[in-house]
Amino acid sequence: MAATDPYDVLAVSRDASQKDIQAAFRKLAKKLHPDLNPGDAQAQRKFQEVSAAYELLGDEEKRARFDRGEIDASGAERPQRRYYRDFAEAGGASDGYSQTSGFEDFDDADDILSSFFSRSGRRGFRMGGVDRRYRLEVDFLDAVNGATKRLVLPDGTSLDVVIPPGAEDNQVIRVAGKGEAGAGGGEPGDALIEIAVRPHPFFRREGLNIRLDLPISLSEAVLGGKVVAPTPSGPVTVAIPKGSNTGKVLRLKGKGVPGRGGKRGDEYLVLKIVLPDKPDPELEAFVSRWKAGKTHDPREGLKA
Amino acid sequence: MTIDHAEMCRRVSVGRPSLQRWIEAGWIHAPSGDGFVAFSEMDVARAHLIRDLAGPMGVNPEGVAVILDLIDQIHGLRHALRGLSMAVGAQDPEVRRRIWSDAAHPPSGPSRAAGALGGRPRAVL
């Protein structure tokens, strides 16, 4: 981008005061702001030039650096900005901002004319509606198993969103035609619903698999037995093998998250031996009589 | 990406209290409902305009309110006018010619009969 001298752009002298520069900018901005000149296609380019010049000269420190030649007028390229006028006219009465009060007194001009205006004339030019984005929080199990959730839109209408089984955090669901209305018979935009999955108190999700710490009692660990473990699709009975240690992992095949093509992940149970909350005299008496307990060293592996 | 309050503030380079004031003044429509927020790109562009006005352009809040109101009226008018132009444009050339010529020299008001004062017959829309 060719760097025009910002002093020329704002039409101020090089020794102008900050106040003069501000006044010059305001005068030009009033004339050139694209949203104050909705019909002027040139306004946008000119306003951007003026804004860039003011950004440089309006800040005393930047201006001094520019005067010393430390920075040039091209500055940093600003991200493309969209002006309000790009949206406002297309929306007609449906955008919630534009008003018809500018021609309500046309009533006596001509019946056909006034009825044309008062139905907000959404005819003649077509424009597709803009997509609307939403964020929907869903419970962990609703995401895993699938659910239908009702979303109340800003205009008061509601939308039933089908959460597919196995939905992931940040997944976006598109509901066709539920965005903003189009203009002049244009297609409405879509609703894009981003799913935010709430964490679960004890299930953890790893891809299509579910992990769960499963507490077992000392006697279940030593003697084995059948225990009930929760899964996303309901409780199942699991056989704990004799002599199961803390950290042992049991796999429940097909009890994880439904994936594409009928595939289903697994649930992994990580066993955790839990002693009774209160000290138990019988257990203490038994363990103190248990000889092997005194010679067994579970920290063998930690020795250097 | 979802445009929530934080994203709106970031994109428009404005503080949360200012955005809140604009929403309370009815200048920006706030999203409603729980568990989600949703400003549109249009809301962002409008907030940008408000920031330009209230910031570097030095317009006070009362002025911003007047300007927004007029801009909203202009867009309503432009929208209707564009629709009308397109409708006229779709007419036969002769009808079009009569409409534009009448628009440049409007026939007398409704109280006078059409054709009095030797006027042209009024175009039929």
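This one's a predicted model, so the numbers in the text were calculated from it and none came from an experiment.

1. Points about the confidence of the model for chain B
All names here are of chain B.
Logical step 1: The predicted model of chain B has a mean per-residue pLDDT of 79, with 78% of residues at 70 or higher.
Logical step 2: The secondary-structure element of chain B with the lowest mean pLDDT is helix α5 (residues 93-104), recorded at 83, while helix α3 (residues 41-54) shows the highest, at 92.
Logical step 3: Low confidence marks residues 110-125, where pLDDT is under 50. Its contacts with residues over four positions away, or in another chain, come to 21 contacts.

2. Observations concerning the packing of helix α1 (residues 5-12) of chain B against α3 of chain B
All names here are of chain B.
Logical step 1: Put simply, α1 and α3 touch, their axes get as near as 10 Å, and they point 50 degrees apart. The pairing of α1 with α3 is recorded here as oblique in orientation. The element α1 and its partner α3 pack so that their crossing is right-handed. Across the interface between the two elements, Met 8, Arg 11 and Val 12 from α1 touch Val 44, Ala 47, His 48 and Arg 51 from α3.
Logical step 2: Looking at the contact of α1 with α3, its residues break down into four nonpolar, one polar and two charged.

3. Regarding the environment of Arg 132 of chain A
Logical step 1: Within the secondary structure layout, Arg 132 of chain A lies in strand β1 (residues 132-138).
Logical step 2: Remark: the alpha-carbon pair of Arg 132 of chain A and Lys 178 of chain A, spanning 46 residues in sequence, is separated by 7.8 Å.

4. As for the nonpolar core
All names here are of chain A.
Logical step 1: Judged by nonpolar contacts, the single largest core of 56 residues is most densely connected at Leu 10, Phe 25, Val 50 and Ala 53.
Logical step 2: Residues in contact with Ala 53, not counting those within four places in the same chain, are Pro 6, Val 9 and Leu 10.
Logical step 3: Judged by nonpolar contacts, the second largest core, of six residues, contains Leu 214, Ile 216, Ile 240 and Leu 269.

5. Quick look at the pairing of strand β9 (residues 236-240) of chain A
Residue and element names in this part refer to chain A.
Logical step 1: Where strand β8 (residues 225-229) meets β9, five bridges bridge the pair, whose relative direction is antiparallel. Paired with Ala 229 across the strands is Val 236, a residue of β9.
Logical step 2: In textbook terms, the turn of a hairpin is the stretch between consecutive antiparallel strands, and for β8 and β9 this stretch comprises six residues, one of which, Gly 234, has a positive phi near 120 degrees.

6. With respect to the sheet that holds strand β4 (residues 172-175) of chain A
Residues and elements named next belong to chain A.
Logical step 1: Taken together, three strands build an open sheet; the order of strands is β1-β5-β4 and the sheet is mixed. Pairing within the sheet leaves two strands with one partner each, and these edge strands are β1 and β4. Between one strand and the next, the sheet's axes are offset by a mean angle of 30 degrees, whatever the strand orientation.
Logical step 2: In terms of strand pairing, β1 meets strand β5 (residues 191-197) through seven bridges, oriented parallel. Paired with Arg 133 across the bridge in β5 is Leu 192.

7. Things to note about helix α2 (residues 18-32) of chain A
Residues and elements named next belong to chain A.
Logical step 1: End to end, α2 covers 21 Å across 15 residues, agreeing with the expected 21 Å (1.5 Å per residue, within 8%).
Logical step 2: The set of residues buried in α2 consists of Ile 21, Ala 24, Phe 25, Leu 28, Ala 29 and Leu 32. For α2, the buried positions fall inside an angular range of 130 degrees around the axis, keeping them on one side.
Logical step 3: Its buried side turned inward, α2 meets α1 (6-10) and α3 (43-57).

8. Some details on the sheet that holds strand β10 (residues 249-252) of chain A
Residues and elements named next belong to chain A.
Logical step 1: One open sheet accounts for four strands, arranged β6-β7-β11-β10; its pairing is mixed. Of all strands in the sheet, those bounded by a partner on one side alone are β6 (204-206) and β10. Within this sheet the neighbouring strands show an average axis-to-axis angle of 30 degrees, counted without direction.
Logical step 2: Both β10 and strand β11 (residues 267-273) contribute to a ladder of four bridges, which runs antiparallel. Bridging from a neighbouring strand, Leu 250 pairs with Leu 269 of β11.

9. Thoughts on the confidence of the model for chain A
Logical step 1: Per-residue pLDDT for chain A averages 83, and the proportion of residues at 70 or more is 84%.
Logical step 2: Note on residues 119-125 of chain A: pLDDT is under 50 here. Beyond four places in sequence and across chains, it has 25 contacts.

10. Here we look at the environment of Val 14 of chain B
Residues and elements named next belong to chain B.
Logical step 1: Residue placement: Val 14 occurs in the loop between α1 and α2 (16-24).
Logical step 2: Classification of Val 14 as partly exposed rests on a count of 18 C-beta atoms within 10 Å.
Logical step 3: Sequence separation of Val 14 and His 48 is 34 residues, and the distance between their C-alpha atoms is 9.0 Å.
Logical step 4: With near-sequence residues (within four places) excluded, Val 14 lies in contact with Cys 9, Leu 19, Ala 47 and Arg 51.

What counts, and where the lines are drawn
Residues numbered from 1 in each chain as written. Chains lettered and ligands numbered in written order. Predicted model: local features only at pLDDT ≥ 70, side-chain atom pairs only at ≥ 80, totals over all residues. pLDDT = per-residue confidence, 0-100. Helix = DSSP H or I, 4+ residues; strand = E, 2+ residues; numbered from the N terminus. Contact = placed C-beta atoms within 7 Å. Axes fitted to C-alpha atoms, helices over the stretch in contact; angles between N-to-C directions. Parallel < 35°, antiparallel > 145°, perpendicular 65-115°, else oblique. Left-handed = near helix turned anticlockwise from the far one by under 90°. Nonpolar A, V, L, I, M, F, W, Y, C, P; charged D, E, K, R; others polar. Core = buried A, V, L, I, M, F, W, Y, C linked by C-beta atoms within 7 Å. Buried ≥ 20, exposed ≤ 12 C-beta atoms within 10 Å, placed from the backbone. Pairing = 2+ DSSP bridges. Expected span 1.5 Å × (residues − 1). Arc of directions from axis to C-beta.

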